[in-house]
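# Observations on chain architecture
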Amino acid sequence: MQVDDALLTKLEKLSFLHVSDDKREEIVSQLSEIVSFVDNLSELDTKGVDDTFAMSDRATPLREDIPSSNPSISEEILKHAPNSADNFFIVPKIIE
Amino acid sequence: MITLKEALSLSKEELNKFKKELQTKIEENKSLNAYIDVMNVGDGVPIAIKDNIQVKDWSVTSGSKILQGYIAPYNATVIEKLKSSGLSPFGRTNMDEFAMGSTTESSYYGKTQNPVNAEHVPGGSSGGSAAAVGAGLAIAALGSDTGGSIRQPAAYCGIVGMKPTYGRVSRYGLGAYASSLDQIGPMTQNVEDAAILYDIISGSDTKDSTNAMMDDKVVPNLNATRKLKIAVLPKYIENASQDIKDAYAKAIEALESAGHTIIEKEMMDAKYDISAYYITATAEATTNLARYDGIRYGNRVDGKNLEETYINTRSEGFGDEVKRRILLGNFVLSSGYYEAYYVKAQKTRHIIKEEYAKIFNDVDLILSPVAPSVAPKFGELANPMQMYLSDIYTISVNLAGLPALSLPVMKNKDGLPVGLQLIAKPYDEQTLFDGSLSLEKGVNYGVF
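Residues numbered from 1 in each chain as written. Chains lettered and ligands numbered in written order. Predicted model: local features only at pLDDT ≥ 70, side-chain atom pairs only at ≥ 80, totals over all residues. Heavy atoms only, no water.

### Here we look at the overall build of chain A
- Check the secondary structure of chain A and you find three helices and two strands.
- Walking chain A from its N terminus toward its C terminus, one meets helices and strands in the order α-α-α-β-β.
- The C-alpha radius of gyration computed for chain A amounts to 23 Å, which surpasses the reference 12 Å derived for 96 residues by more than 25%, pointing to a less compact arrangement than a globule.
- For chain A, the spread of C-alpha atoms along the three principal axes comes to 55 × 45 × 25 Å.
- For chain A, the centre of its 9 positive side-chain charges and the centre of its 20 negative side-chain charges are spaced 5 Å apart. (Helix = DSSP H or I, 4+ residues; strand = E, 2+ residues; numbered from the N terminus. Rg over C-alpha atoms; globule rule 2.2 N^0.38 Å. Lys, Arg positive; Asp, Glu negative; His and termini not counted. Charge placed at Lys NZ, Arg CZ, Asp CG, Glu CD.)

Quick look at the structure:
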């Protein structure tokens, strides 16, 4: 399958990424090459094969529900965040 | 360089003196660029740590610009386990950005050289850890392996690298790339050291819900004299370079003369492994890397509103390969393509896992190449698709969650190391280490 500029624009939106004009052509051709390669999976007969995969067949393990908290972790994260005050992260204006 | 086993018997005073000398040696070998920087925690045996494993109060950046300014607020479980066993995190090692690469060229900190020949790549993504051990600048190191990122650089640098069964080692505190594939593992000078370090970092952990909750150890039962059944794959290696084929023949001869039984097996065309891997890994990476938005940690590039801040931060913070994989991951997960790509890849994983299970009905271990050639020169894998193809022999092990160990078998005519891997059943690390120990003795690579 070929990736085109319109699809790249859609993927940029989904990815919160901007691909600069000078790199668009190269990225479109690289993505096309990769997607065309992985199209080989259509050659495999997977009829009746489970469509979800988990590393372990065991159920998710359970543990005792004992509350625990390490406030120093959130303090450290806030201290090193790009912008924070009064135990909050500060972001640019959301409502215009 | 002293081995991990030897270092564990040194006194605190001896270790402190050793670490001072090691720090000087690392500074004298700056051009190798194996280490990003060198800090020390505690007075134990120094272990080099890949830049995606949390060490409290260290800058831990997954080799990325987007995490500049981030300081780890806690220790990964493996770091807690190192510390309680008398080991010290000592220096963080270079890596491909977010572990996405096979050469360590995509790091924000520049490329790392291969310690055997500076014109060649050290492999990746744990290239810094492999180069540090290979150059005699680390006793041992931790790496992470999502599609071969421990085993391949180990093979390129002539050291031992081991990927545990999925779930054996806690992923708590490992910067996530592809959560169903990632495992932390040891990178060492020899097989016995790998077993020692594996025993230290493995085991149950309630902080990782995918942990296997198993605490059995391999070192007390290490036995190189066990006679095993080992599968070889003559057709599977047909496209590998002559160096790899020569090493393969040498390893088979060594295993036979050690009394193991060699059984020929076949595996399906590995091109399907590559497809299943790059679909699964990029899909998971897209999700995991969504957290890097410039709000909570790392580097923010302000925009005129929140959305533009996200886009500016991510567009300037991520390198080309990471962007490519995020875009690809969003493609395979997006509506209209999800069934044909992501779901198909999950079905393919079942086929790959069952194929291995069938082979393991008849054998204890599989002998496989690690990479299709020795370490390439810088720039040779500049085309992304070509780089993905070079992962052909390592990724199915991650897709099936198996344990595998890469060890050096010989040097080619240019003196470059050739490594091969043994692969075992899930949770059968004991047989993996026993067989690897036997192969190591048989091939007598003996550089250390």
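### Structural notes on the overall build of chain B
- A count of helices and strands for chain B gives 14 helices and eleven strands.
- Against the compact-globule benchmark of 22 Å for 448 residues, chain B has a radius of gyration of 20 Å, which places it among compact chains.
- Residues counted as buried form 65% of the 448 residues belonging to chain B.
- For chain B, contacts bridging at least 24 residues in sequence account for 75% of all contacts bridging at least 6.
- Here chain B has roughly 14,500 Å² of accessible surface; of this, 48% comes from carbon and sulfur atoms.
- Measuring between centres, the 46 positive side-chain charges of chain B sit 2 Å from its 53 negative side-chain charges. (Buried < 20%, exposed > 50% of the residue type's maximum accessible area, 1.4 Å probe, protein only. Contact = heavy atoms within 4.5 Å. Areas by Shrake-Rupley, 256 points an atom, 1.4 Å probe, with all protein chains shown as cover.)

### Brief notes about the interface of chain A and chain B
- At the interface, 54 residues of chain A touch 67 residues of chain B.
- Interface area lost by chain A to chain B is led by F16, F53 and M55 of chain A, which between them contribute 14%.
- In this assembly, chain A and chain B are joined by two salt bridges.
- Across the pair K271 of chain B and E43 of chain A runs a salt bridge whose closest N-O atoms are separated by 3.3 Å.
- Seen at the junction of chain A and chain B, the total is 17 residue pairs in polar contact (both at pLDDT 80 or more).
- Breaking the side of chain A that touches chain B down by element, the ones donating at least two residues are α1 (5-15), α2 (21-38) and α3 (71-80) of chain A.
- Split into classes, the residues belonging to the side of chain A that touches chain B amount to 30 nonpolar, nine polar and 15 charged. (Buried area = accessible area lost by both parts, 1.4 Å probe. Salt bridge = Lys/Arg side-chain N within 4 Å of Asp/Glu carboxyl O. Polar contact = N/O pair within 3.5 Å; in protein donor to acceptor, adjacent residues only side chain to side chain. Nonpolar A, V, L, I, M, F, W, Y, C, P; charged D, E, K, R; others polar.)

### Some thoughts on the nonpolar core
Residue and element names in this part refer to chain B.
- L82, L142, Y356 and L367 are the most contacted members of the largest nonpolar core, which has 153 residues in total.
- Of all the elements, helix α8 (residues 271-288) adds the most residues to this core, at nine residues.
- Discounting chain neighbours no more than four positions away, the residues touching L82 are I47, I49, L87, L142, L197, I200 and I201.
- Residues V121, Y156, A371 and F378 belong to the second largest nonpolar core, which totals five residues. (Core = buried A, V, L, I, M, F, W, Y, C linked by side-chain atoms within 4.5 Å.)

### Notes on α3 of chain A
- Among all positions in α3 of chain A, only I73, E76 and L78 of chain A are buried.
- Close packing links the buried residues of α3 of chain A with β1 (84-85) and β2 (88-89) of chain A.

### Some remarks on the side chain of D51 of chain B
Residues and elements named next belong to chain B.
- By the element assignment, D51 lies in the loop between β2 (45-50) and α3 (77-84).
- At a separation of 2.9 Å, a polar atom in the side chain of D51 contacts the main-chain amide nitrogen of G63.
- Leave out the neighbours within four places in its chain, and D51 touches I36, S59, V60, T61, S62, G63, R92, T93, M95 and Y109.

### A few points about the confidence of the model for chain A
- Looking at chain A, the pLDDT average stands at 93 and 100% of residues meet or exceed 70.
- Confidence, expressed as mean pLDDT per element, reaches its minimum in chain A at α3 of chain A with 94 and its maximum at α1 of chain A with 98. (pLDDT = per-residue confidence, 0-100.)

### Section: the pattern of salt bridges
- All chains considered together, the criterion is met by 23 salt bridges over all chains.
- Two residues, K56 of chain B and D57 of chain B, come together in a salt bridge whose shortest N-O distance is 3.7 Å.
- A salt bridge links D216 of chain B to R168 of chain B; the shortest N-O distance between them is 2.8 Å. Here R168 of chain B lies in the loop between β5 (160-163) and β6 (183-188) and D216 of chain B lies in the loop between α6 (191-201) and β7 (229-232), a separation of 48 residues in the sequence.
- Residue classification places D216 of chain B among the partly exposed positions, given a relative accessible area of 40%.
- Sharing partners across several salt bridges, the network here consists of D5, E12 and R24 of chain A.

### Thoughts on the packing of aromatic side chains
Residues and elements named next belong to chain B.
- Applying the stated criterion across every chain yields a total of 17 aromatic pairs over all chains.
- Taking the centre distance of 6.0 Å and the plane angle of 65° together, the rings of Y292 and Y297 count as edge-to-face.
- For Y292, a relative accessible area of 8% translates into the label buried.
- These aromatic residues form a ring-pair network of at least three members: Y70, F98, Y292, Y297 and F318.
- If you follow K111 out to its NZ or CZ, it ends over the ring of F378, 4.3 Å from the centre. (Phe/Tyr/Trp six-rings, centres within 6.5 Å; stacked < 30°, edge-to-face > 60°. Lys NZ or Arg CZ within 6 Å of the ring centre and 35° of its normal.)

### Observations regarding the environment of N223 of chain B
All names here are of chain B.
- On the secondary structure map, N223 appears in the loop between α6 and β7.
- Taking the relative accessible area as the measure of exposure, N223 reaches 28% and is therefore partly exposed.
- Sequence separation of N223 and T431 is 208 residues, and the distance between their C-alpha atoms is 8.7 Å.

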